[in-house]
Amino acid sequence: MEEEKKEMAETEEVKEEKTGNDTQKIEDTKKEEAKTKSKSKKGLIIAIIIIVVLVLIGASIGGYFLYKKIQLEKPLDVAWGQTYYTYLKSIAEDEGKKEAYGFNNSTKTKIEFCDVETEEEPVMVVTYEKDDEDYSNICYIKDDGTIHEMTYNFPTDVEMLYSIEEKEYNWYVVSKEENNTEYTPIQNKIIESTGEELDEDTLSKEYTIKDDDKTTVETVDGEEISIDKFDETFVKPEIEDTSIDFDFNLIEEELKEAIENLVNDYKNNDQIITDEVKEAVTEKETEITNKQEEMEEAQKEVEKKKAEEEAKRKAEEEAKKGFKVGSHRLKYGTYKSDVWRMDSSMYGTITIRPDGTCHIKANCEGGYPYKEMDCEGTYKATKAIDSYEYYDAIEFTTNTGEKFHHEVNQDNAFSDQWHGYTYSGN
């Protein structure tokens, strides 16, 4: 019995062990199934999230490109800016146009807009470097809304300059030809390009300045004062540089952004020619004017000195020739009278000088041949009359107020009816 009980007990234990194992297996299976379901659910959620993210990214990318497309197709806020942008875009997209306008092998390209008096819209200047030379193309918007290009096959530049003569600021096309530099206002170039009849009231003055051309004067001390012709003609104002660096190889959106920024930053002449700029120009103009006045004064002094020297030279030449009376000449110096021949104790001399003065000296008493004199006086050539006939004579006036004359009918001698005078030396 005990053995049967023992066997039954062992059997029961085995059954319990089997039952426990089966239960554990069932539980483990359930847990595995739960884990599998959980992983599947999480995977589904992750997949959904990924799909949503991809959809959002795709939508964002699509939206971005759609936005960029809309922005590219959207015209610039400023109509003239859009016109120029379309023009530049057409060149950037066409190699043939690049070559035609000189941009195919160009470097250091810059673009700026200029305020030109005759044009309602700004003028666009495209400056570029080619073969180490600067070139500029000038574009303006015609009345029909199209763009007219002015291209040059020789080096050119565009500068804002103040004309001292015209007292005005202008944008000038600066071009060099051989030994000259030409300065032509842009408005003149535009008017010429239209083929219309030129109106002098509309045109501004053009200038041509030779290389190394300058005005030079010499002072009386032999020093030189000079001023360059350009400085006499223009003052280059220190204005804000509103140009931008530009590349025709930019992608479309970069090209549009560059032009849009340039258009938005555009300033007309009144905005770039500030009070500070005007003050600096006035100061430079005054400096030039003062130097010109200094040079004019120096030139006057030199001319005065030359005139004095020339007058002195002529006087010396005339002095060598002597004093002219009619067709005869009297040497400057002392003339001795022939009165001594009548009486050796008597004498008379008259000394004439180049400056028109004279000295008369004689020891004669009474009125014959003449009274005693020892005084200064003056002399001049005149015409005297005798027996109703005029003859050439030299007239003397003493500082005592007496006046007399002698006939001059030969060189270096003069006489009256009583006595004569002949040249005796200095």
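What comes next is a walk through the structure.

What counts, and at which threshold
- Residues numbered from 1 in each chain as written.
- Predicted model: local features only at pLDDT ≥ 70, side-chain atom pairs only at ≥ 80, totals over all residues.
- Heavy atoms only, no water.
- 1 Å grid on protein atoms, 1.4 Å probe; cavity = no way out; pocket = protein on both sides within 12 Å on 5 of 7 lines; lining within 4 Å.
- Points joined across faces, edges and corners; volume = space filled by probe spheres on them.
- Helix = DSSP H or I, 4+ residues; strand = E, 2+ residues; numbered from the N terminus.
- Nonpolar A, V, L, I, M, F, W, Y, C, P; charged D, E, K, R; others polar.
- Buried < 20%, exposed > 50% of the residue type's maximum accessible area, 1.4 Å probe, protein only.
- Contact = heavy atoms within 4.5 Å.
- Core = buried A, V, L, I, M, F, W, Y, C linked by side-chain atoms within 4.5 Å.
- Patch = residues over 30% accessible without salt bridge, like charges linked within 9 Å, V, L, I, M, F, W, Y side chains within 5 Å.
- Areas by Shrake-Rupley, 256 points an atom, 1.4 Å probe, with all protein chains shown as cover.
- Salt bridge = Lys/Arg side-chain N within 4 Å of Asp/Glu carboxyl O.
- Lys, Arg positive; Asp, Glu negative; His and termini not counted.
- Charge placed at Lys NZ, Arg CZ, Asp CG, Glu CD.

1. Details of empty space enclosed by the protein
- Tallying each qualifying case throughout the model produces one cavity of 30 Å³ or more.
- The calculated volume of the largest cavity comes to roughly 30 Å³.
- Around the largest cavity sit F113, C114, D115, W171, T242, K267, N269 and I272, which together line it.
- Elements with a minimum of two residues in the lining of the largest cavity: β1 (107–114) and α7 (269–272).
- Along the lines of polarity and charge, the residues of the lining of the largest cavity split into four nonpolar, two polar and two charged.

2. Quick look at the environment of L161
- Assignment of secondary structure puts L161 in strand β5 (residues 156–163).
- What makes L161 buried here is its relative accessible area of 0%.
- L161 sits 120 residues away from V281 along the chain, and the two C-alpha atoms are 10.0 Å apart.
- Each residue touching L161, except ones within four places of it in the same chain, is listed here: E168, Y169, N170, Y172, Y183, F230, F234, V235, K236 and P237.

3. A word on the nonpolar core
- Counting 27 residues, the largest nonpolar core has V123, I138, M150, V158, W171, I186 and I190 as its most contacted members.
- At the level of elements, β2 (123–130), β3 (133–141), β5, β6 (168–177), α4 (186–194), β10 (224–228) and α8 (275–321) are the ones that each hand at least two residues to this core.
- For this core, the element with the most residues is α8, which contributes five residues.

4. With respect to a negative patch on the surface
- Judged by side-chain charge, D221, E223, E293, E296, E297 and E301 come together as a negatively charged surface patch.
- Structurally, the position occupied by E301 is in helix α8.
- Relative accessible area serves as the criterion here: at 38%, E301 is assigned to the partly exposed category.

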